[in-house]
Amino acid sequence: MGNHEIHCQYYSQEDLLGAGCLDIRMAMDAAESAMLAFQNGDVLFPEKIVQIFNDDTQERINCLPATFVKDKVCGVKWVSVFPPNPVKYGIQNLSAVIILSEIEHGFPIAFMEGTLCSNMRVGAMGGLAARHLARSDSKAIGFIGAGEQAKMHLIAMKTALPSLEVCRVAAKDPAEEAQFINEMGPILADMRFEGTQSDLEAAVSDADVIVTATSAQAPLLKAAWMKAGAFYSHVGGWEDEYAVAKQCDKIVCDDWETVKHRTQTLSRMYQDGELADTDIHGNLVDLLSGKLAGREKDEERTYFNAVGLAYADVAIAFAMYRRAREAGMGQDLKIQNEMIFEHAHLKDWVKL
Ligand SMILES: NC(=O)c1ccc[n+]([C@@H]2O[C@H](COP(=O)([O-])OP(=O)(O)OC[C@H]3O[C@@H](n4cnc5c(N)ncnc54)[C@H](O)[C@@H]3O)[C@@H](O)[C@H]2O)c1
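Residues numbered from 1 in each chain as written. Predicted model: local features only at pLDDT ≥ 70, side-chain atom pairs only at ≥ 80, totals over all residues. Heavy atoms only, no water.

Topic: the site of the ligand
Then, number 1: Around the ligand there are 21 residues in total, and Ala146, Gln149, Glu176, Thr214 and Ala306 lie nearest to it.
Then, number 2: In the environment of the ligand, a nitrogen atom lies 2.7 Å from a nitrogen or oxygen atom belonging to the backbone of Ala306.
Then, number 3: For the ligand, whose free accessible area comes to 870 Å², the fraction covered by protein is 81%.
Then, number 4: For the shell around the ligand, the secondary structure elements donating two or more residues are α4 (115–133) and α5 (148–160). (Near = heavy atom within 4 Å. Polar contact = N/O pair within 3.5 Å; in protein donor to acceptor, adjacent residues only side chain to side chain. Areas by Shrake-Rupley, 256 points an atom, 1.4 Å probe, with all protein chains shown as cover. Helix = DSSP H or I, 4+ residues; strand = E, 2+ residues; numbered from the N terminus.)

Below is the structure:
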């Protein structure tokens with residue numbers, strides 16, 4: 001009789017952080033390789049499964065699987081999005097867990113907290129876009145929105161653009177700006193931070209890099225505030241007036257065909273006949289592979305919008321798993337000791 005034990009490793013968010021997994025460079029590398037692997041046909045990426053519990057609030061749980069054939073790893077992100085959470089209960093909107101399995105025997109190898117990975121993926125995609133679309137001498141970054149995505153995006157942008165020196169931030173409530181600065185200041189000690197008391201224009205009008213990451217569904221960012229040469233990373237839903245995209249020289253998406261059918265500003269513009277396929281420069285992978293040029297001139301305005309390619313989450317989770325395993329973090333999670341009918345006491349446990 002063989003050994004029929006099945007184990008996997010469990011990693012809490014703190015295990016992952018303690019193992020050094022909050023490493024945006026690692027996440028950018030994993031996301032870049034994942035996009036190139038997808039383009040080569042080496043990724044299985046079925047449709048996500050969406051279960052919406054409230055049409056008005058869009059409270060939902062999504063199931064997003066992907067397999068990296070060459071890495072022999074299959075994973076799934078199980079992600080809850082409950083938009084009323086912050087206001088109603090003072091708790092986070094998004095929470096996720098990830099399961100990874102090897103595909104030689106099909107057994108699970110890891111069960112891990114997934115919010116960290118999910119937020120790092122959003123930041124990593126923005127960082128990769130910034131590498132190709134922002135001025136490499138960018139000094140000032142301006143945020144509209146000071147929540148979880150904004151914080152991770154700042155780490156990603158500073159990683160992609162080390163020349164950044166000043167960060168200005170505008171949120172709906174100035175207390176959130178103060179919290180953003182309190183939390184991010186110690187992490188990015190060589191950066192100067194300025195709150196703006198909810199003055200959106202002051203946050204972005206001198207910025208070389210603009211990030212909107214809000215829960216608002218309104219045209220907050222005005223075209224007139226985006227200076228020549230600026231790069232804009234659009235993270236949330238509807239956050240900018242149509243004139244922003246219209247004045248940009250290059251618009252790049254993680255996947256334009258997906259963006260088209262969502263509810264982002266670019267999606268709305270497309271659905272309203274205000275934006276055509278030919279107005280889109282390309283997808284991020286085309287810049288990564290060198291098929292298309294990124295920024296070509298200092299004065300270009302560039303626009304990036306990602307709605308999320310969940311296979312990148314699985315790739316980043318796999319990189320985190322390898323790092324955490326190497327660091328000896330996590331706990332052994334026993335799935336089974338032996339096969340069902342091998343249990344000596346099964347006759348005492350079975351209910352007939
Ligand atoms: N593109 C992606 O792949 C992706 C992935 C995850 C989340 N998101 C989206 O990113 C957005 C931000 O998510 P989060 O987790 O950071 O949310 P959060 O709740 O932590 O933060 C939201 C921020 O929006 C700000 N805000 C809301 N209305 C505003 C207004 N009128 N003016 C100025 N600021 C305003 C709030 O002050 C807050 O700082 C959400 O829309 C979310 O759906 C996108």
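The discussion continues.
Digging into the packing of helix α2 (residues 24–39) against helix α12 (residues 310–326)
Then, number 1: In the contact formed by α2 and α12, the axes pass within 8 Å of each other and the chain directions differ by 130 degrees. By the angle between their directions, the pair α2 and α12 is classed as oblique. For the element pair α2 and α12, the recorded crossing hand is right-handed. Contacts from Met26, Ala27, Ala30, Ala31, Ala34, Met35 and Phe38 in α2 reach Tyr311, Ala312, Ala315, Ile316, Ala319, Met320 and Arg323 in α12.
Then, number 2: Tallied by class, the residues present in the contact of α2 with α12 amount to 13 nonpolar, no polar and one charged. (Axes fitted to C-alpha atoms, helices over the stretch in contact; angles between N-to-C directions. Parallel < 35°, antiparallel > 145°, perpendicular 65-115°, else oblique. Left-handed = near helix turned anticlockwise from the far one by under 90°. Contact = heavy atoms within 4.5 Å. Nonpolar A, V, L, I, M, F, W, Y, C, P; charged D, E, K, R; others polar.)

What to know about unusual backbone geometry
Excluding glycine, residues mostly carry a negative phi; peptide bonds, for their part, are mostly trans.
Then, number 1: Positive phi, normally seen in glycine, also occurs at Gln58, with a value near 60 degrees.
Then, number 2: You can see Gln58 is positioned in the loop between β3 (49–54) and β4 (59–68).

Here's the deal with the side chain of Lys250
Then, number 1: Tracing the sequence through the fold places Lys250 in strand β13 (residues 250–253).
Then, number 2: The class of Lys250 is buried, set by a relative accessible area of 4%.
Then, number 3: Of the polar contacts made by the side chain of Lys250, one reaches the side chain of Glu300; its length is 2.5 Å.
Then, number 4: In this structure, Lys250 is in contact with His281, Ala293, Gly294, Arg295, Glu296, Glu300, Arg301, Thr302 and Tyr303, ignoring residues within four places of it in sequence. (Buried < 20%, exposed > 50% of the residue type's maximum accessible area, 1.4 Å probe, protein only.)

Focus: the sheet that holds strand β8 (residues 140–144)
The strands making up a sheet associate through backbone hydrogen bonding, with each pair oriented either parallel or antiparallel.
Then, number 1: Ordered in space as β10-β9-β8-β11-β12-β15-β13-β14, the eight strands form an open sheet in which the pairing is parallel. Unpaired on one side and paired on the other, β10 (192–195) and β14 (282–283) mark the two borders of the sheet.
Then, number 2: Sitting on the sheet, α4 touches β12 (231–234), β13 and β15 (302–305), and the angle it makes with β15 is about 160 degrees. (Pairing = 2+ DSSP bridges.)

A look at the packing of aromatic side chains
Then, number 1: On inspection of all chains with the given rule, the structure shows 12 aromatic pairs.
Then, number 2: With centroids separated by 5.5 Å and ring planes inclined at 55 degrees, the aromatic side chains of Phe143 and Phe180 adopt a geometry described as tilted. Residue Phe143 is found in strand β8, and its partner Phe180 is found in helix α6 (residues 174–184); the two are separated by 37 residues along the sequence.
Then, number 3: We classify Phe180 as buried; its relative accessible area is 0%.
Then, number 4: Taken together, a centroid distance of 4.8 Å and an interplanar angle of 80 degrees make the contact between Tyr232 and Tyr303 edge-to-face. Residue Tyr232 is located in strand β12, and its partner Tyr303 is located in strand β15; the two are separated by 71 residues in the primary sequence. Both residues of the pair, Tyr232 and Tyr303, belong to the buried class.
Then, number 5: Cluster of aromatic residues (ring-pair linked, three or more members): Phe38, Phe45, Phe68 and Tyr311. (Phe/Tyr/Trp six-rings, centres within 6.5 Å; stacked < 30°, edge-to-face > 60°.)

Remarks on the pattern of salt bridges
Then, number 1: If you walk through the whole model with that rule in mind, you get 22 salt bridges.
Then, number 2: Of the charged contacts in the structure, one is a salt bridge between Asp298 and Arg135, with a shortest N-O distance of 3.9 Å. Note that Asp298 is positioned in the loop between α11 (284–288) and β15 and Arg135 in the loop between α4 and β8, a separation of 163 residues in sequence.
Then, number 3: Its relative accessible area of 47% is what places Asp298 among the partly exposed residues.
Then, number 4: Between Asp206 and Lys227 there is a salt bridge, and its shortest N-O distance comes to 3.5 Å. Here Asp206 is found in the loop between α7 (200–204) and β11 (209–212), whereas its partner Lys227 is found in the loop between β11 and β12, with 21 residues between them in sequence. (Salt bridge = Lys/Arg side-chain N within 4 Å of Asp/Glu carboxyl O.)

Here we look at the side chain of Thr196
Then, number 1: As for its placement among the helices and strands, Thr196 is situated in the loop between β10 and α7.
Then, number 2: Thr196 gets classed as buried once you look at its relative accessible area, which sits at 13%.
Then, number 3: Contact partners of Thr196, with chain neighbours within four places excluded, come to Arg168, Val169, Ala170, Glu177, Ala202 and Ala203.

A few points about the pairing of β15
Then, number 1: Covered by surrounding structure in β15 are Thr302 and Phe304 together with Tyr303 and Asn305, the residues of both alternating faces.
Then, number 2: Alignment of β12 against β15, held across four bridges, turns out to be parallel. When the sheet's bridge partners are listed, His234 is paired in β15 with Asn305.
Then, number 3: Note that β13 and β15 share four bridges and pair parallel. The residue of β15 that forms the bridge with Cys253 is Asn305.

Some words on the domain arrangement of the protein chain
Then, number 1: Per the domain assignment, the segments of the protein chain are domain 1 (6–117 + 310–344) and domain 2 (136–305).
Then, number 2: Just the C-alpha atoms count here: the centres of domain 1 and domain 2 sit 27 Å apart.
Then, number 3: Taken residue by residue, the interface counts 10 residues in domain 1 and 11 residues in domain 2.
Then, number 4: Looking at the side of domain 1 facing domain 2, the largest losses of area belong to Ile24, Met35 and Gln39, adding up to 45% of the total buried there.
Then, number 5: Between domain 1 and domain 2 we count zero salt bridges in total.
Then, number 6: Across the contact surface, domain 1 and domain 2 share zero residue pairs in polar contact (both at pLDDT 80 or more).
Then, number 7: Among the elements that line the side of domain 1 that touches domain 2, the one with the most residues is α2, at seven residues.
Then, number 8: Across the side of domain 1 that touches domain 2, the residue classes break down as six nonpolar, one polar and three charged. (Domains from an automatic or database assignment. Buried area = accessible area lost by both parts, 1.4 Å probe.)

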